[in-house]
Amino acid sequence: MVGLQPSEVPPTTVVKFLGAGTAACFADLLTFPLDTAKVRLQIQGENPGAQSVQYRGVLGTILTMVRTEGPRSPYSGLVAGLHRQMSFASIRIGLYDSVKQFYTPKGEDHSSIAIRILAGCTTGAMAVTCAQPTDVVKVRFQAMIRLGTGGERKYRGTMDAYRTIAREEGVRGLWKGTWPNITRNAIVNCAEMVTYDIIKEKLLDSHLFTDNFPCHFVSAFGAGFCATVVASPVDVVKTRYMNAPPGRYRSPLHCMLKMVAQEGPTAFYKGFMPSFLRLGAWNVMMFVTYEQLKRALESKLMKVQVLRESPF
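Residues numbered from 1 in each chain as written. Predicted model: local features only at pLDDT ≥ 70, side-chain atom pairs only at ≥ 80, totals over all residues. Heavy atoms only, no water.

Per an unreviewed UniProt entry, the protein chain goes by Uncoupling protein 3 and derives from Dicrostonyx groenlandicus. Per UniProt, the comment on the protein chain under Sequence similarities (unreviewed entry) is "Belongs to the mitochondrial carrier (TC 2.A.29) family." Under the heading Subcellular location (unreviewed entry), UniProt records this for the protein chain: "Mitochondrion inner membrane". (UniProt positions renumbered as here; feature names shortened; annotations may be inferred.)

A. View of the overall build of the protein chain. Each helix and strand counted, the protein chain has ten helices and zero strands in total. Starting at the N terminus and ending at the C terminus, the protein chain contains elements arranged as α-α-α-α-α-α-α-α-α-α. The buried share of the protein chain, reckoned over its 312 residues, is 52%. Relative to all contacts within the protein chain whose residues are 6 or more apart in sequence, the contacts with residues 24 or more apart total 77%. A total accessible area of about 15,100 Å² is found for the protein chain, and carbon and sulfur atoms account for 66% of it. (Helix = DSSP H or I, 4+ residues; strand = E, 2+ residues; numbered from the N terminus. Buried < 20%, exposed > 50% of the residue type's maximum accessible area, 1.4 Å probe, protein only. Contact = heavy atoms within 4.5 Å. Areas by Shrake-Rupley, 256 points an atom, 1.4 Å probe, with all protein chains shown as cover.)

B. Quick peek at the environment of Pro-33. For Pro-33, the location among the structural elements is in helix α1 (residues 13–43). By relative accessible area, Pro-33 is classed as buried at 15%. Counting along the chain gives 25 residues from Pro-33 to Val-58, while the straight-line C-alpha distance between them is 9.4 Å. Those residues in contact with Pro-33, other than ones at most four positions away along the chain, are Ile-62, Pro-74 and Tyr-75.

C. View of the nonpolar core. Membership of the largest hydrophobic core comes to 20 residues, with the highest contact counts inside it found for Ile-93, Trp-282, Met-286, Phe-287 and Tyr-290. When residues of this core are traced back to their parent elements, those giving at least two are α1, α4 (96–103), α7 (178–205), α8 (213–243) and α10 (272–309). Here this core takes six residues from α10, the largest share from any one element. Of all hydrophobic cores here, the second largest spans twelve residues; its members include Ala-80, Val-137, Val-139 and Tyr-162. (Core = buried A, V, L, I, M, F, W, Y, C linked by side-chain atoms within 4.5 Å.)

D. Focus on the side chain of Arg-92. Within the secondary structure, Arg-92 sits in helix α3 (residues 78–92). Arg-92 gets classed as buried once you look at its relative accessible area, which sits at 4%. Once residues lying within four places of it in the same chain are set aside, the contact partners of Arg-92 are Thr-123, Gly-124, Ala-127, Asn-189, Glu-192, Met-193 and Trp-282.

E. The arrangement of a nonpolar patch on the surface in detail. Residues Val-14, Phe-17, Leu-18 and Leu-297 make up a contiguous nonpolar surface patch of roughly 320 Å² in combined accessible area. Element by element, the count of residues in the nonpolar patch is highest for α1, at three residues. Within the element layout of this structure, Phe-17 appears in helix α1. Residue Phe-17 is classed as partly exposed on the basis of its relative accessible area, which comes to 31%. (Patch = residues over 30% accessible without salt bridge, like charges linked within 9 Å, V, L, I, M, F, W, Y side chains within 5 Å. Salt bridge = Lys/Arg side-chain N within 4 Å of Asp/Glu carboxyl O.)

F. Local environment of the packing of α3 against helix α5 (residues 113–143). Direction vectors running N to C along α3 and α5 enclose 180°, while the axes themselves pass 8 Å from each other. By the criterion of interaxial angle, the relationship of α3 to α5 is roughly antiparallel. Contact with α3, carried on its side by Ala-80, Gly-81, His-83, Arg-84, Ser-87, Phe-88, Ile-91 and Arg-92, involves Thr-123, Gly-124, Met-126, Ala-127, Val-128, Cys-130, Ala-131, Thr-134, Asp-135, Val-137 and Lys-138 of α5 and no other residues of that element. (Axes fitted to C-alpha atoms, helices over the stretch in contact; angles between N-to-C directions. Parallel < 35°, antiparallel > 145°, perpendicular 65-115°, else oblique.)

G. Seen up close, unusual backbone geometry. Look at His-207: it is not a glycine, yet its phi comes out positive at around 65°. Tracing the backbone through its elements, the reader meets His-207 in the loop between α7 and α8.

H. Up close: α7. Under the 1.5 Å per step criterion, the end-to-end length of α7 is 39 Å for 28 residues, consistent within 8% with the ideal 40 Å. Backbone geometry just downstream of α7 places His-207 in the positive-phi region, at approximately 65°. (Expected span 1.5 Å × (residues − 1).)

I. Seen up close, the confidence of the model for the protein chain. Across the protein chain, pLDDT averages 84, with 88% of residues at or above 70. The weakest mean pLDDT in the protein chain belongs to α10 at 82; the strongest belongs to α4 at 93. Note on residues 1–6: pLDDT under 50 across the span, and seven contacts to partners over four residues away in sequence or across chains. (pLDDT = per-residue confidence, 0-100.)

J. Highlighting the pattern of salt bridges. One pass over the structure, following the stated rule, counts 23 salt bridges. Here Asp-211 ties to Arg-295 by a salt bridge, and the two come within 3.5 Å at their closest N and O atoms. Taken together, the residues Asp-211 in the loop between α7 and α8 and Arg-295 in helix α10 connect sequence positions 84 residues apart. Judged by its relative accessible area of 29%, Asp-211 falls in the partly exposed class. Among the charged side chains, a network of salt bridges with common partners joins Asp-28, Asp-35, Lys-38, Arg-84, Asp-135, Lys-138, Asp-235, Lys-238 and Arg-278.

Okay, here's the thing in structure tokens:
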């Protein structure tokens, strides 16, 4: 053990769990305005009579928000977003390898694509079940339009948002949209984790890259693009359903059908560009940071273990 380099030592589940949550929070800090722009574009057109502000494009949306709501508006909901990543990403990303190994039959060196997809669906569903309240609060903050720096706010803060939603809509309100979110994140998790896993494996097997930054960057970029393409329709429905006041939609299916009837099928890809910019950038930052954190944390644990085993 003493002679092994950190990259040669398989990271423990705890290291992956902590590393994934930390890396996801770092990625969220840098890409959160893109996510907020995506939410605003996705809900645009949902209630035309009540919306006075129109958004055009990613940069235009962010600039409009800054001009009409203040410079902090693109980061509205950041605290809930960080809550979400520490609970959500830690499970869906940090436990992916462990669940994949659990599903892989004994004696097999490599997991099949079906096993990887099953592992991605499993950890994605587990993560949503645990972290759904944080996602509901994050979307509510991001969708909340507050004109002017002195405009009214429905929630005084993140914890007040949890309490207000539970009081006004019941505890079930915090888990509103769980099923479309499970669907969306099962798809996203499969697209992200399986694509990253396969691209990285192929690059290493072909000796085009070693297990370093360029390999992680290419794999993460491919994962972000695939995730955006397959998950965008479900993401739009999820965002609108979670943000809607009680009674507007009877179910996620009703939300989807009403959206198609009023705005056409192209509504499913509203906010696609910010979604891609956000997911692409988020995946690159998260996976690169995650790989480095795994090595750093495992190296620290190795040093602690060596010190404990040392007779001096």
